[in-house]
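# Geometric and topological summary
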There are 2 protein chains.
Amino acid sequence: MLYLVGLGLGDVKDITLRGLEIVKKCSKVYLESYTSVLSAGQSQLEKFYGKELILADREMVEQGSEEMLQAAKNEDVAFLVVGDPLGATTHSDLMLRAHELGVQTRLVHNASILTAVGCCGLQLYSFGETVSIVLWTESWKPHSYYDKIAANRRRGLHTLCLLDIKMKEKTVENIIKGRDIYEPPRFMTASEAADQLLQILETKKEEGVAEGDLAYSENSMCIGLARVGTETQQVVCASLRDMSSCDLGGPLHSLVVPGKLHPMELEMLKLFVVDQAWFDEVCRRSTE
Amino acid sequence: MLYLVGLGLGDVKDITLRGLEIVKKCSKVYLESYTSVLSAGQSQLEKFYGKELILADREMVEQGSEEMLQAAKNEDVAFLVVGDPLGATTHSDLMLRAHELGVQTRLVHNASILTAVGCCGLQLYSFGETVSIVLWTESWKPHSYYDKIAANRRRGLHTLCLLDIKMKEKTVENIIKGRDIYEPPRFMTASEAADQLLQILETKKEEGVAEGDLAYSENSMCIGLARVGTETQQVVCASLRDMSSCDLGGPLHSLVVPGKLHPMELEMLKLFVVDQAWFDEVCRRSTE
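All figures in this text were calculated on a predicted structure; none of them were measured in a lab. (Residues numbered from 1 in each chain as written. Chains lettered and ligands numbered in written order. Predicted model: local features only at pLDDT ≥ 70, side-chain atom pairs only at ≥ 80, totals over all residues. Heavy atoms only, no water.)

### Thoughts on the packing of aromatic side chains
Residues and elements named next belong to chain A. Tallied over the full model, the rule gives six aromatic pairs over all chains. Ring geometry for Tyr146 versus Tyr216: centroids 5.6 Å apart, planes at 65°, classification edge-to-face. One end of the pair, Tyr146, is in helix H7 (residues 144-154); the other, Tyr216, is in the loop between helix H9 (190-206) and strand S10 (221-226), and 70 residues separate them in sequence. Look at Tyr216 and you get buried, because its relative accessible area is 4%. On the numbers, 6.3 Å between centres and 50° between planes, the contact of Trp278 with Phe279 is tilted. Look at Trp278 and you get buried, because its relative accessible area is 8%. Classification of Phe279 as buried rests on a relative accessible area of 1%. (Phe/Tyr/Trp six-rings, centres within 6.5 Å; stacked < 30°, edge-to-face > 60°. Helix = DSSP H or I, 4+ residues; strand = E, 2+ residues; numbered from the N terminus. Buried < 20%, exposed > 50% of the residue type's maximum accessible area, 1.4 Å probe, protein only.)

### With respect to the domain arrangement of chain A
Residue and element names in this part refer to chain A. You can read the domains of chain A as domain 1 (2-111) and domain 2 (114-286). Contact between domain 1 and domain 2 buries roughly 810 Å² in total, counting both sides, with carbon and sulfur atoms accounting for 63%. Its largest share of buried area at the contact with domain 2, domain 1 owes to Leu9, Val37 and Asp57, together 44% of the area lost on that side. The interface formed by domain 1 and domain 2 includes zero salt bridges. For the side of domain 1 that touches domain 2, the residue count by class is three nonpolar, six polar and three charged. (Domains from an automatic or database assignment. Buried area = accessible area lost by both parts, 1.4 Å probe. Salt bridge = Lys/Arg side-chain N within 4 Å of Asp/Glu carboxyl O. Nonpolar A, V, L, I, M, F, W, Y, C, P; charged D, E, K, R; others polar.)

### Observations regarding the packing of helix H4 (residues 66-74) of chain A against helix H5 (residues 92-100) of chain A
Residues and elements named next belong to chain A. Taken N-terminus to C-terminus, the directions of H4 and H5 make an angle of 45°; their axes are 10 Å apart at the nearest point. Overall, the two elements H4 and H5 adopt an arrangement that is oblique. In the packing of H4 onto H5, the handedness of the crossing is right-handed. Where H4 approaches H5, its residues Glu66, Met68 and Leu69 are matched on the opposing element by Leu94, Arg97 and Ala98. Its residues assigned to classes, the contact of H4 with H5 shows four nonpolar, no polar and two charged. (Axes fitted to C-alpha atoms, helices over the stretch in contact; angles between N-to-C directions. Parallel < 35°, antiparallel > 145°, perpendicular 65-115°, else oblique. Left-handed = near helix turned anticlockwise from the far one by under 90°. Contact = heavy atoms within 4.5 Å.)

### Let's talk about the sheet that holds strand S4 (residues 77-81) of chain B
All names here are of chain B. Pairing is parallel across the open sheet formed by five strands, whose spatial order is S3-S2-S4-S1-S5. For this open sheet the edge positions go to strand S3 (54-56) and strand S5 (105-108), each flanked by a neighbour on one side alone. Each adjacent strand pair in this sheet contributes to an overall mean axis angle of 25°, direction not counted. As paired strands, strand S2 (residues 28-32) and S3 are joined by three bridges and run parallel to one another. (Pairing = 2+ DSSP bridges.)

### Comments concerning the pairing of strand S4 (residues 77-81) of chain A
Residue and element names in this part refer to chain A. With respect to burial, S4 is a largely interior element, five of its five residues being buried. Of the two faces of S4, the one lined by Val77, Phe79 and Val81 and the one lined by Ala78 and Leu80 are each fully buried. In this sheet, S4 lies alongside strand S2 (residues 28-32) in parallel orientation, the contact comprising four bridges. The residue bridging Val29 from the neighbouring strand is Ala78, located in S4.

### Focus on the sheet that holds strand S3 (residues 54-56) of chain A
All names here are of chain A. Spatial ordering of the open sheet is given by S3-S2-S4-S1-S5, a layout of five strands whose pairing is parallel. Two strands close off the open sheet at either side, each with one partner strand: S3 and strand S5 (105-108). Pairs of neighbouring strands in the sheet enclose a mean axial angle of 25°, with direction left out of account. Of the strands in this sheet, strand S1 (2-6), S2 and S4 touch H4, which is tilted by about 135° from S4.

### Looking at the UniProt feature "binding site: S-adenosyl-L-methionine" (unreviewed entry) in chain A
Taking the numbering used here, the UniProt-annotated feature "binding site: S-adenosyl-L-methionine" (unreviewed entry) corresponds to Leu9, Asp84, Gly87, Ser112, Ile113, Leu163, Val228 and His253 of chain A. Lining residues of the second largest cavity, restricted to the annotated ones just named, are Leu9 of chain A. Positionally, Ser112 of chain A belongs in the loop between S5 and helix H6 (113-116). On the accessibility criterion, Ser112 of chain A (4% relative accessible area) is buried. Apart from the residues within four sequence positions on either side, Ser112 of chain A is in contact with Leu9, Gly83, Asp84 and Gly87 of chain A together with Thr115 of chain B. On the secondary structure map, Ile113 of chain A appears in helix H6. With residues up to four places along the chain from it excluded, the contact list for Ile113 of chain A reads Leu9, Leu160, Leu162, Val228 and Ser254 of chain A. (UniProt positions renumbered as here; feature names shortened; annotations may be inferred. 1 Å grid on protein atoms, 1.4 Å probe; cavity = no way out; pocket = protein on both sides within 12 Å on 5 of 7 lines; lining within 4 Å.)

Below you can see the structure in the form of structure tokens.
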């Protein structure tokens, strides 16, 4: 049996009792290490579980998970994923290959940023499509997520923006030279995301998009979330302009671009506001 | 301190270690009993925690939670919610009142149907706005959710339909006569939801909406999910017509109306198909 076990968002204690029971009984335990990270590191988890973890990076899962699946034919094997096992990716690939090999799979769900984002006071029902914002490079500045945010906002819906994580990435030079040298992990911050959204806004204006047709302005509200579900969680509600210079500390960060706000949502957001005058103006306009 | 603790979706073992630690140390523990239910009942939970639970129905939470908040001023109080504490409702009302009274709140997240729905193989990123389908009565047949499903489908997005739960409801007669007599709980099934969607379709046709402008047909795919996250979980992929006569067993049920399907999503859905010929036809059309 292959168990896909969610670890939740915080530290070692965010696993469920069912999840822990499974980890304890499995003969092999893999830790998925490329779509998210816990504030607790591998060694803390190993100490807590009292067993060794096998690190599963993207290469291993996408290409070499054969070993894991073969083991799961005859033994109980656990594949641990931060958040919900289906949150950041469905891991459908893995489940389908298991099915082909006749390996049974079982999911153990847990909290995911997709629902924990509700901690900022926005109604989960009112979120539209989730988007991913990637870290731009000098030569690669995609902005397809702009259109999705725009489409959500036209329908009055909020957008959760998941921010890029770069784990075990190689520089172009190292790829060309065939060297297995990895860059240090990088986590996109809410301020970097806000900055990219503002840069897209400038591009749209230069392209001649009329003010009224833009998805947002630099004055539009956004909500930055950091380390959701941990002791040091931080939530800040500010304009995109102010968010672009706001430091929310260590990873992981997310950004929300809200749509139409319900009075109760505004009441909750008030708790996370830095610039009160700006917020009062937003509230005044929203009730006009 | 007031802790809002998610219980997850299955039974007593789906609480997190952090959640259980908090329940154990709290002097008062309330169980929210009106937005969802666990397969484990109150007495099982009480036995497992070794403490008495105070049942919190809608009336109590919306009107009389003063007692709970007053207690939380000086003691540790837990408010247990099936799923994630913010899943079905933000409980913003409660959190705002706590804030006004100077009572600190802390969230303990857990799995929610909003993410666990990924077990059917659909990518969570590709879900649009979540809708609630209410049980119709003789005289009250709202269908505002049709427009939301339509809007999601126009954008190629999937729709998760949460199905009505009636807990502690009174008949109109008993309300008028001021009698505190409650009807037995009722849980909407996936087949009832599919049937309502088909009835709306008929109404739209009678109103003269052209075939091409309808959000779906009776042949459109839907996915019925029952008891997600439990041992007896069931997932069925069928046409709306077939779903309307499909029995998925005991509560809770949900229904998904998919948008544009990725080949990998189709591969996964294949595992849950009853009528293979119908599904092959769907796949053939989706690749045209």
